[in-house]
Amino acid sequence: MTTNLQRVAVVGAGAAGTLTAAHLLLRAAEQGLGLDVHLVDPCPGTGRGTAYATSAGHHLLNVPAGRMSAFADAPDHFTAWLERRAPGTFAPGDHVPRGLYGAYLDDVLTAAAARPGPARLSRVRDRVVAARRVGPGVSLRLDGGGTFRADAAVLALGTFPPDQSWVPAALRPSARYVADPWTPGALAALPEEGDLLLVGTGLTMIDVALAVHHPGRRVHAVSRHGLLPRAHAASALPAVPPPAVDPAQGLTTVRRTLLAHVSACRRTHGDWRVGVDSLRPVTATVWQGLTPAERARFLATDQRLWDVHRHRAPVTTARAFAEAVIAGRIEVGPGEIADAEVTADAVRVRLRDGRTLDVAAVVNCTGPQAEIRRVGDPLVADLLAAGLADPDDVGLGFRTTAQGRLRPAAGADPAPLWTLGALRRGSLLESTAIPEIRAQAQAVAASVTAVLDAAHRAGTRHDTPRGATAERPHLAYAER
Ligand SMILES: Cc1cc2nc3c(=O)[nH]c(=O)nc-3n(C[C@H](O)[C@H](O)[C@H](O)COP(=O)(O)OP(=O)(O)OC[C@H]3O[C@@H](n4cnc5c(N)ncnc54)[C@H](O)[C@@H]3O)c2cc1C
């Protein structure tokens, strides 16, 4: 058994960071590893992040409870937790409130931290703004001052705030413009009366529209394509094997094969969703088999259609939305913002097709900024500038190994840095939902512990962790 603790910083305490920390602690308990896991995030909650911080009962998971277990090899783990928490309330096919899922992830981590063994967990409330390789480890600079030395770090940063480049200059500084609807309190600050314009027509827009529509108000939602996410099926669907797809034949053939498979599933099972859902196990392999130019072409021409069929709305949410559309309270269609004029009590928005909308406020529902060079995050910018991270072929995230370890820029030395979740979208395409994140968290934890174990055996670990955390008391997890 190892008694010297090796320090791992997990940066980001959303679902990805929380699951990674849990897997690190579980491995440590199983293997008697001395790990000192620090979960670093300025946000107060653990396991919440953007998706699961909400306490609104109508904000539902987009994925049925039966597919949201924290552990791929224990598919009933979440539904068993729900049954203990609220007996007889939820079935595996239900889309449960997202806030409950955040509480579940917090419990998963608490249980992992309670396992007997030499490992320990601390929660640090701060933001990491820079990283440097120091000897075999890394030094992380904290926003609150000081540095934090670790033998390894996992970057579970999630997604980044929406792109603002399309926003007319007059609108950007206005109190009548919401730059990111997921900022706590952002929607509460909207005017209670008057029509609203939501820009973007995806799942974020649906959540926002349902939260703000009411009789006497019209909510306009526009996007370049005007496409809406499809709804989940009302009942469980059969699982079928994925089709045989050879990405070496090129995007056109891949597209044709996938469409034929989905059509065949619709004919056989009466629902196209059966075909789309069956693609999950082969998505990453097919994506990686396309050339960078084909992947870029897919993102430009196919991604929106893929997204609306792949990332669907819960049935009850889709029904409530459809009712509001029929009642004339929500109106969705194609449209691009040309410019905007802000007056004392309204915003006049001109669309490129010549239409004009007079609204009380505009909400940016375009979703997270996807281009890694444009996210404007200090840590991302620093990692790229230092060469510790390198953009992937399509510029959506970082280049990594299959286990999620960062590949440095050409000529730079690799650092003990790993990532998962949205920052791996460029290499996996689908990398932001729990079924993908839980598998990545397990793989990252296995890779980190293997590398640290090898370093420990070779005698190259930091013997004395130094820096900010050594100088200030540890925040015990139980005290958060
Ligand atoms: C509204 C919404 C609903 C969703 N619903 C579902 C669903 O039902 N099912 C599903 O499978 N997926 C869903 N998703 C997808 C969702 O992205 C994942 O399930 C998951 O929440 C992603 O977690 P994450 O930890 O990668 O990112 P996030 O939740 O974004 O968490 C990242 C965390 O990292 C912290 N952080 C970032 N940078 C730093 C830094 N430099 N230093 C310290 N901390 C930092 C942030 O403060 C944040 O807490 C939903 C997403 C959204 C937005």
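Residues numbered from 1 in each chain as written. Predicted model: local features only at pLDDT ≥ 70, side-chain atom pairs only at ≥ 80, totals over all residues. Heavy atoms only, no water.

**Describing the site of the ligand**
The ligand sits among 32 residues. The nearest are Asp 41, Tyr 52, Asn 62, Val 128 and Ile 434. Between the ligand and Tyr 52, the relevant distance is 2.6 Å, taken from an oxygen atom to a side-chain nitrogen or oxygen of the residue. One of the backbone nitrogen or oxygen atoms of Thr 432 is found 3.3 Å away from an oxygen atom of the ligand. For the ligand, the accessible surface in isolation is 990 Å², of which the surrounding protein chains cover 89%. (Near = heavy atom within 4 Å. Polar contact = N/O pair within 3.5 Å; in protein donor to acceptor, adjacent residues only side chain to side chain. Areas by Shrake-Rupley, 256 points an atom, 1.4 Å probe, with all protein chains shown as cover.)

**Thoughts on the confidence of the model for the protein**
Looking at the protein as a whole, the pLDDT averages 93, with 95% of positions reaching at least 70. Counted against residues more than four places away or in other chains, residues 462-480, with its pLDDT under 50, gives 46 contacts. (pLDDT = per-residue confidence, 0-100. Contact = heavy atoms within 4.5 Å.)

**With respect to the sheet that holds strand 16 (residues 361-364)**
One open sheet accounts for 5 strands, arranged 9-16-10-11-12; its pairing is parallel. The open sheet has two edge strands with one neighbour each: strand 9 (177-178) and strand 12 (330-334). With 2 bridges joining them, strand 9 and strand 16 adopt parallel strand pairing. For Tyr 177, the partnering residue across the bridge sits in strand 16 and is Val 362. Lying over the sheet, helix 5 (residues 203-212) contacts strand 10 (196-199), strand 11 (219-223), strand 12 and strand 16, oriented at roughly 165° with respect to strand 10. (Pairing = 2+ DSSP bridges. Helix = DSSP H or I, 4+ residues; strand = E, 2+ residues; numbered from the N terminus. Axes fitted to C-alpha atoms, helices over the stretch in contact; angles between N-to-C directions.)

**Notes on the domain arrangement of the protein**
When cut into domains, the protein gives domain 1 (6-59 + 97-161 + 370-479), domain 2 (164-230 + 312-366) and domain 3 (247-310). The C-alpha centroid of domain 2 is placed 34 Å from the C-alpha centroid of domain 1. Of the roughly 500 Å² buried where domain 1 meets domain 2, counting both sides, 51% is carbon and sulfur surface. Counting the surface domain 1 buries against domain 2, the share from its top three residues, Thr 50, His 58 and His 59, is 56%. Our enumeration of links across domain 1 and domain 2 arrives at 1 salt bridge. For Arg 98, the salt bridge identified is with Asp 207, shortest N-O distance 2.9 Å. Inspection of the domain 1/domain 2 interface yields 2 residue pairs in polar contact (both at pLDDT 80 or more). Tallied by class, the residues present in the side of domain 1 that touches domain 2 amount to 1 nonpolar, 3 polar and 2 charged. (Domains from an automatic or database assignment. Buried area = accessible area lost by both parts, 1.4 Å probe. Salt bridge = Lys/Arg side-chain N within 4 Å of Asp/Glu carboxyl O. Nonpolar A, V, L, I, M, F, W, Y, C, P; charged D, E, K, R; others polar.)

**Brief notes about the pairing of strand 16**
A two-sided burial pattern is seen for strand 16, the buried positions comprising Ala 361 and Val 363 on one face and Val 362 and Asn 364 on the other. The pairing of strand 10 with strand 16 spans 4 bridges and is parallel. If you follow Leu 196 over to strand 16, its bridge partner there is Ala 361. (Buried < 20%, exposed > 50% of the residue type's maximum accessible area, 1.4 Å probe, protein only.)

**Some points on helix 1 (residues 15-31)**
Along its 17 residues, helix 1 runs 24 Å from first to last C-alpha, staying within 8% of the 24 Å computed at 1.5 Å per residue. For helix 1, a buried count of 13 out of 17 residues is recorded, marking the element as mostly surrounded by other parts of the structure. Downstream of helix 1 by one or two residues, Gly 32 has phi in the positive range, about 65°. (Expected span 1.5 Å × (residues − 1).)

**Quick notes on helix 12 (residues 378-386)**
Looking at helix 12, one finds that the buried residues are Leu 379, Val 380, Asp 382, Leu 383 and Leu 384. Where helix 12 begins, one side-chain oxygen reaches toward the backbone nitrogen of Leu 379, 3.1 Å away; that side chain belongs to Asp 377. Positioned one or two residues after helix 12, Gly 387 has a phi angle of 80°, which is positive.

**Section: the sheet that holds strand 14 (residues 347-351)**
One open sheet holds the 3 strands; their spatial order is 13-14-15, and the pairing between them is antiparallel. Sheet topology places strand 13 (337-342) and strand 15 (356-359) at the edges, where each strand pairs with a single neighbour. With strand direction ignored, the average angle separating the axes of adjacent strands in the sheet is 20°. For strand 13 and strand 14, the ladder comprises 5 bridges, and the chain directions are antiparallel. Paired with Ala 340 across the strands is Val 349, a residue of strand 14.

**Focus on the packing of aromatic side chains**
Remark: the centre distance and the inter-plane angle together describe each pair of aromatic rings, the angle taken between the planes. For the coordinates displayed, the defined rule picks out 9 aromatic pairs. Ring geometry for Tyr 101 against Tyr 104: centres 5.4 Å apart, planes inclined by 45°, an arrangement best described as tilted. Within this pair, Tyr 101 and its partner Tyr 104 are both found in helix 4 (residues 98-113), separated by 3 residues, close to a single helical turn. Taking relative accessible area as the criterion, Tyr 104 reaches 0% and is therefore assigned buried. Ring-pair connections join several aromatic residues into one group, and the members of that group are Tyr 52, Phe 78, Trp 81, Tyr 101 and Tyr 104. Here the basic side chain of Arg 7 rests over the ring of Phe 148, its NZ or CZ set 4.8 Å away from the ring centre. Geometry around Trp 418 places Arg 405 over its ring, the cationic atom sitting 4.9 Å from the centre. (Phe/Tyr/Trp six-rings, centres within 6.5 Å; stacked < 30°, edge-to-face > 60°. Lys NZ or Arg CZ within 6 Å of the ring centre and 35° of its normal.)

**What to know about the side chain of Thr 46**
As for its position among the elements, Thr 46 is in the loop between strand 2 (35-40) and helix 2 (49-52). Within the structure, Thr 46 has its side chain in polar contact with the side chain of Arg 123 (distance 3.0 Å).

**A look at the pairing of strand 4 (residues 128-134)**
Across 6 bridges, strand 4 lies against strand 5 (residues 137-142) in antiparallel orientation. Residue pairing for strand 5: Val 128 is matched across the bridge by Leu 142. The turn joining strand 4 and strand 5, which pair antiparallel and follow one another in sequence, is formed by 2 residues; a positive phi near 55° is taken by Gly 135.

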